[in-house]
Amino acid sequence: EILNMLLFSLFYYRKAATLRPYDARMWCAIGGCYLALNKKSEAIRSYERAMTNNDGEGVATQQLAKLYRDGGEFEKAAQCYQKHLDMRGMDANVDELEAEALLFLGHYHKDAKNYEIASVCCSRLIEYPGPEKEEAKALLREIRSRTDGDRRNKKGGGRDASHVSFNFS
């Protein structure tokens, strides 16, 4: 792999996977080779196989989430990111991979109108020193404005624009 001899690496990782078919690390290595060869569907299958074999390091969940996100399968990406966070636990300090997962889940749940879950994801990023912190703050402000607007509309205090007509002639 280091020498960019990906087909040779893939050949030997496949051999290793036949000897140790339940070792998630072998399947992650195969997925990495496929990813480097730009064979995304094969990479997805390899990482899924690694997940079924209990990838304790979280490599498979993280890579699968990225592949699903890039492919537009946001629900599957959210499931993978959530599984990755569940493996790490809530007590762990937020690192770069967790920050990416939390930010994605914050946006995902905001778009799904699960504001409470989105707020929890963003709140965990407040202590993170990277640029994700500022994006999480902005996302929290947006969530608060949406929830305040929803509360006002439910109480009847919101503005009703149904009687307004526009004439663009």
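Participant: Would you mind going over the packing of aromatic side chains with me for this structure?
Facilitator: Remark: the centre distance and the inter-plane angle together describe each pair of aromatic rings, the angle taken between the planes. In total, this model carries 4 aromatic pairs according to the counting rule given. Summarising the aromatic geometry, the rings of phenylalanine 11 and tyrosine 12 are spaced 4.9 Å apart at their centres and angled 85° between planes, so their arrangement reads as edge-to-face. The partly exposed category is assigned to phenylalanine 11, whose relative accessible area is 44%. What makes tyrosine 12 exposed here is its relative accessible area of 53%. Both rings, one in phenylalanine 104 and one in tyrosine 108, keep their centres 6.3 Å apart while their planes meet at 15°; by these two values the pair is stacked. Of this pair, phenylalanine 104 and tyrosine 108 both sit in helix α6 (residues 96-111), 4 residues apart, roughly one helical turn. A connected cluster of aromatic rings, assembled from ring pairs, spans Phe74, Tyr81, Phe104 and Tyr108.

Participant: Help me out: how do you make sense of the pattern of salt bridges in this one?
Facilitator: A side chain with one charge can pair with a side chain of the opposite charge if their charged atoms come near. Applying the stated criterion across every chain, the model contains 12 salt bridges. With a closest N to O distance of 3.3 Å, glutamate 73 and lysine 76 form a salt bridge. By relative accessible area, which is 34% here, glutamate 73 ends up partly exposed. One salt bridge in this structure joins arginine 88 and aspartate 95, with 2.8 Å as the shortest N-O distance. Under the relative-accessibility criterion, aspartate 95 is labelled partly exposed at 25%. Salt bridges sharing partners connect three or more residues here, namely Arg88, Asp95, Glu98 and Arg124.

About the cut-offs
Residue positions are given per chain, counted from 1 along the sequence in the order it is written. For this predicted model, a pLDDT threshold of at least 70 governs which residues receive local features, and a threshold of 80 or more governs which side-chain atom pairs are given and counted, while totals over whole chains, interfaces and linings are taken from all residues. Side-chain metrics in this entry use all non-hydrogen atoms of the structure; hydrogen atoms and water are not considered. Two rings belonging to Phe, Tyr or Trp (six-membered ring only in the last case) form a pair when the distance between their centres is within 6.5 Å. Interplanar angles under 30 degrees mark stacking, angles over 60 mark edge-to-face geometry, and anything in between is tilted. Burial classification: accessible surface area is computed with a 1.4 Å probe over protein chains only, and a residue below 20% of its type maximum counts as buried, one above 50% as exposed, and the rest as partly exposed. Only DSSP runs of H or I with at least four residues qualify as helices, and only runs of E with at least two residues qualify as strands; both kinds are numbered from the N terminus onward. Counted as salt bridges are all cases of a side-chain nitrogen of Lys or Arg within 4 Å of a carboxyl oxygen of Asp or Glu.

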